[in-house]
Amino acid sequence: MKQPIIEFKNVVKSYGETQVLKGVDLEIEAGKFYTLLGPSGSGKTTILRLVAGFSSATSGDILFEGKRINDVPANKRRVNTVFQNYALFPNMNVFENVAFGMNLKGTSKAKIKTKVTQLLAMVRLAGYENRNIDELSGGQQQRVAIARALANDPEILLLDEPLSALDYKLRKEMQYELRELQKNLGITFIFVTHDQEEALAMSDWIFVMNEGKILQNGTPVDIYDEPINRFVAEFIGESNIVNGVMLEDYLVSFAGSTFENVDAGMRPNEQVDVVLRPEDLDLTTPENGKLVVTIDAQLFRGDYYEISAHDDNGNEWRIQATNSAQINTRQGLTFDPEDIHIMRFNESEDDFDARLDNYEEVGEMDE
Amino acid sequence: MNINKTRFWPTIYLIVVFILLYAPIFYLIFYSFNAGKYMHDFAGFSLRHYRQLFNDARMMEIVFNTFIVALLSSLIATIIGTLGAIGIYGTKNRVMRNVILSLNNVLMVSPDVIIGASFLIFFTMLGIGLGFGSVLMSHIAFSIPIVVLMVLPKLNEMNYSLLDAAQDLGANSWQVLTRVVLPYITSGIFAGFFMAFTYSLDDFAVTFFVTGNGFSTLSVEIYSRARQGVSLEINALSTLMFLISLILVVGYFMIDSYNSGRKAKKGKLSA
């Protein structure tokens, strides 16, 4: 494995009595797009501030390319930040804002001019050099902030919920642009957001956080398909979570019936959470359904119908369907064995990975 | 019709209030042009009191002294007060910050007489001679809290992430201060300077206690002369002072409206 560019070793951050980071370990490789995803107060911005050097860890080590940087001040780190509220200097125009870092370093005037022109062209703001900050729209300020942060040629660009103040359409557009920018520059991006859709769309790797801990990390597909616990499953996308019992390997019982599935490695008759994603469920006739549900309500979402229903055991089901359904009718519900995802209670990420490796190997050998 | 009716009484009220406020001043200005010696029986237009004022070497020296003290004290107080405000802003401990701020505010509200008396005791105890130095020092002292109060709101208004951003881009503490913080709070610093300047100009009570050795400022001098009956020379001086402050206010208003007009124009362009 390559030397990670940033490494956290059991990092704790407390403010007085309250611990906002409870022993975080993480490794970040150069050149990838990372996302720290979690609700507000989960500690994701704290991690960003520790990397940037705005605050210092209470205990634990923060390493940059293998060297401890706990005591290196922010102005000496090869890391730059795009702030949530952009934090552009109001007394300077666009050019002066972008040139701020280079001016401090004493770069020559000619060099600064070329670089600023180039950066502004990159964020599609060519010709805006002499505008004042208060003359720019939110999206334009955002781009200036990105250009200003990139002007110092950072190894890592930190982005603290930079899209949260933009409207929906602009946000979507910026998601593409940021992703593109990261690929073109080839530097590491660490992106903080509470928007799971944003995280899934942009990232190479996601850290899901809650209450000062990293609950799960992995590729967007891994995290979406194999959430480790109820919190992650509910936070990443819509999901149906019902109580079930793992009767034996590859056989689970929930909602009054027994189903074949693809999970293994648990104790016989272990109590588990069963997750089914709404888009994996299909409506059919009651005879063909694995479960029978009664339709309660439906909402038209543009590209699909969101239908809520309940089965005879009182479990709520949420279904995404392309066709509308008749309210108060009884319908069958089908899904494939691989759509059923099992979550054990209080399983740590390491145990989860170990179990997955274990039975996947066994499965491959059987074939 | 209806609007005119509802506006009638408020307008009258306003006019009456302004007449009450300005009548004494205009009365004083009017008699400064009196050919006679007293503030009654207008004997005809004359500039003799103005001539007398400009020939009064002691009075001119005192005017000069007053402005020097005001200028120096407000300059020094602005520097100290601005640094103090930045210090208070940077104090993370909430209790500590409130204590410092309260100590600052107590000086603002405590009566001038008490401040003046305590300075007198202080200077005599230290054996500092009364005169220009003691007046300057006491003026600096009572101006600092004013500057702090004018600068601190601007600092609090500033987004803290601006400081983080500057540091993030490679600025050390000095560069953060000079390139980001000071430009941001400039208007507050100027407001503090002008407030301190006017406070120093018209201070009587504190100066009265700590002045001595023939050193005097306008308000103290006018007070001591008024006890023997106000000469119309004072009226002439007051008229000039009134005009100067009027010009200052109008000038400030014009600069202000010019700036905000430019800003509004720019805003329209971008929209």
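Just so we're clear, the structure is a prediction, and the values are computed from it rather than from any experiment.

Residue and element names in this part refer to chain A. Residues Val 79 and Thr 81 of strand S6 (residues 79-82) are buried on one face, and the alternating residues Asn 80 and Val 82, pointing to the opposite face, are buried as well. Note that S6 and strand S7 (residues 156-160) share 4 bridges and pair parallel. Paired with Thr 81 across the bridge in S7 is Leu 158.

According to UniProt, the "domain: ABC transmembrane type-1" (unreviewed entry) feature falls on residues 63-252 of chain B. Taken end to end, residues 63-252 of chain B is 84% helix and 0% strand, and its two terminal C-alpha atoms sit 23 Å from one another.

Taken residue by residue, the interface counts 26 residues in chain A and 20 residues in chain B. Between chain A and chain B, a total of about 1,900 Å² is buried, with carbon and sulfur atoms accounting for 57% of that surface. On the surface where chain A and chain B come into contact, there are 1 salt bridge. Arg 49 of chain A is the partner of Asp 164 of chain B in a salt bridge, and the nearest nitrogen-oxygen pair spans 3.1 Å. Put simply, chain A and chain B have 6 residue pairs in polar contact (both at pLDDT 80 or more) between them. Mapped onto the side of chain A that touches chain B, the elements with two or more residues apiece are helix H1 (44-52), S6, helix H2 (94-105) and helix H4 (138-150) of chain A.

Before going further, it helps to examine the UniProt feature "transmembrane region" (unreviewed entry) in chain B. Residues and elements named next belong to chain B. Using the residue numbers shown here, the UniProt feature "transmembrane region" (unreviewed entry) corresponds to residues 12-33, 62-86, 106-130, 136-155, 176-198, 204-224 and 236-255. Counting secondary structure, residues 106-130 comes out at 76% helix and 0% strand; the distance between its end C-alpha atoms is 25 Å. With 62% helix and 0% strand, residues 204-224 has end C-alpha atoms that lie 11 Å from one another.

In terms of nonpolar packing, the biggest core is built from 62 residues, with Phe 8 of chain A together with Leu 155 of chain B touching the most fellow members. With residues near it in sequence (within four places) discarded, Phe 8 of chain A still touches Val 24, Asp 25, Leu 26, Ile 47, Leu 50, Val 51, Asp 61 and Ile 62 of chain A. Val 144, Ala 145, Leu 163 and Met 174 of chain A belong to the second largest nonpolar core, which has 34 residues in total.

We now examine the UniProt feature "domain: ABC transporter" (unreviewed entry) in chain A. UniProt records the feature "domain: ABC transporter" (unreviewed entry) for residues 6-236 of chain A in the present numbering. Helix makes up 37% of residues 6-236 of chain A and strand 26%. Its end C-alpha atoms lie 25 Å apart.

All right, on to the packing of helix H3 (residues 57-90) of chain B against helix H6 (residues 132-157) of chain B then. Residues and elements named next belong to chain B. Where H3 meets H6, the axes come as close as 6 Å, and the angle between the chain directions of the two elements is 40°. When the axes of H3 and H6 are compared, the pair comes out oblique. Here H3 and H6 pass one another in a crossing that is right-handed. Here the contact of H3 with H6 is built from residues that sort into 20 nonpolar, 7 polar and no charged.

All names here are of chain B. Assignment of secondary structure puts Thr 78 in helix H3. Residue class for Thr 78 comes out buried when judged on its relative accessible area of 7%. Note: C-alpha distance between Thr 78 and Ala 196 (118 residues apart in sequence) is 7.8 Å.

Okay, the layout of surface pockets next. Residues and elements named next belong to chain A. By volume, the second largest pocket is sized at about 460 Å³. Looking at the lining of the second largest pocket, the elements that each hand over two or more residues are strand S10 (213-218) and helix H9 (349-366). Looking at the lining of the second largest pocket residue by residue, the classes come out as 5 nonpolar, 4 polar and 9 charged.

Time to look at H2 of chain A. By the burial criterion, the buried members of H2 of chain A are Val 94, Asn 97, Val 98, Ala 99, Phe 100, Gly 101, Met 102 and Leu 104 of chain A. Looking at the buried positions of H2 of chain A, the neighbouring elements they touch are helix H3 (109-122) and H4 of chain A together with helix H7 (160-168) and helix H8 (173-201) of chain B. For H2 of chain A, the capping residue at the N-terminal end is Asn 93 of chain A, with a side-chain oxygen 3.2 Å from the backbone nitrogen of Phe 95 of chain A. Looking one or two residues past H2 of chain A, Gly 106 of chain A carries a phi angle of roughly 80°, positive in sign.

On to the sheet that holds strand S4 (residues 59-64) of chain A, then. Residue and element names in this part refer to chain A. Spatially, S2-S1-S4-S5 is the arrangement adopted by the 4 strands of the open sheet, whose pairing is antiparallel. The sheet is open, and its two borders are formed by strand S2 (18-28) and strand S5 (67-68), each paired with just one other strand. Pairing between strand S1 (residues 6-15) and S4: 5 bridges, direction antiparallel. In the strand pairing of S4, Val 12 is matched with Ser 59. Seen against the sheet, H1 touches S1, S2 and S4 and runs at an angle of roughly 115° to S1.

Before going further, it helps to spend a moment on empty space enclosed by the protein. All names here are of chain A. Inspection of the entire model under this criterion finds 1 cavity of 30 Å³ or more. What lines the largest cavity is simply Leu 50, Ser 56, Ala 57, Ile 62, Ile 69, Asn 70 and Arg 77. A class-by-class count of the residues in the lining of the largest cavity yields 4 nonpolar, 2 polar and 1 charged.

Residue and element names in this part refer to chain A. Strand order in this open sheet of 5 strands is S13-S12-S11-S14-S20, and the pairing throughout is antiparallel. Each of the sheet's edge strands pairs with one partner strand only, and the pair in question is strand S13 (257-260) and strand S20 (341-343). Strand-to-strand, the axes of this sheet are offset by a mean angle of 40°, without reference to chain direction. As defined by bridge partners, strand S12 (residues 251-254) adjoins S13 across 4 bridges and the pair is classed as antiparallel. Looking across to S13, one finds that Ser 253 is bridged to Thr 258.

All names here are of chain A. This structure, assessed with the given rule, holds 30 aromatic pairs over all chains. Both rings, one in Phe 33 and one in Phe 191, keep their centres 5.8 Å apart while their planes meet at 45°; by these two values the pair is tilted. Of this pair, Phe 33 sits in strand S3 (residues 33-37) while Phe 191 is found in strand S8 (residues 188-193), placing the two residues 158 residues apart along the sequence. Considered together, Phe 33 and Phe 191 belong to a single accessibility category, that of buried residues. Chaining the aromatic ring pairs together yields one cluster made of Phe 254, Phe 259, Trp 317 and Phe 335. Lying across the ring of Phe 89, Arg 148 places its NZ or CZ 4.7 Å from the centre.

Across chain A, the average pLDDT comes to 88, with 98% of residues at or above 70. In this model residues 363-367 of chain A is a low-confidence stretch, pLDDT under 50, and it forms 0 contacts with partners more than four residues away in sequence or in other chains.

It is worth spelling out the side chain of Arg 355 of chain A at this point. All names here are of chain A. Mapping Arg 355 onto the fold places it in helix H9. With relative accessibility at 7%, the residue Arg 355 sits in the buried group. A polar contact is formed between the side chain of Arg 355 and the side chain of Glu 347, at a distance of 3.0 Å. Setting aside residues no more than four positions away along its own chain, Arg 355 makes contact with Asp 263, Ala 264, Gly 265, Met 266, Arg 344 and Glu 347.

Cut-off values and rules
- Residues numbered from 1 in each chain as written.
- Chains lettered and ligands numbered in written order.
- Predicted model: local features only at pLDDT ≥ 70, side-chain atom pairs only at ≥ 80, totals over all residues.
- Heavy atoms only, no water.
- Buried < 20%, exposed > 50% of the residue type's maximum accessible area, 1.4 Å probe, protein only.
- Helix = DSSP H or I, 4+ residues; strand = E, 2+ residues; numbered from the N terminus.
- Pairing = 2+ DSSP bridges.
- UniProt positions renumbered as here; feature names shortened; annotations may be inferred.
- Contact = heavy atoms within 4.5 Å.
- Buried area = accessible area lost by both parts, 1.4 Å probe.
- Salt bridge = Lys/Arg side-chain N within 4 Å of Asp/Glu carboxyl O.
- Polar contact = N/O pair within 3.5 Å; in protein donor to acceptor, adjacent residues only side chain to side chain.
- Core = buried A, V, L, I, M, F, W, Y, C linked by side-chain atoms within 4.5 Å.
- Axes fitted to C-alpha atoms, helices over the stretch in contact; angles between N-to-C directions.
- Parallel < 35°, antiparallel > 145°, perpendicular 65-115°, else oblique.
- Left-handed = near helix turned anticlockwise from the far one by under 90°.
- Nonpolar A, V, L, I, M, F, W, Y, C, P; charged D, E, K, R; others polar.
- 1 Å grid on protein atoms, 1.4 Å probe; cavity = no way out; pocket = protein on both sides within 12 Å on 5 of 7 lines; lining within 4 Å.
- Points joined across faces, edges and corners; volume = space filled by probe spheres on them.
- Phe/Tyr/Trp six-rings, centres within 6.5 Å; stacked < 30°, edge-to-face > 60°.
- Lys NZ or Arg CZ within 6 Å of the ring centre and 35° of its normal.
- pLDDT = per-residue confidence, 0-100.

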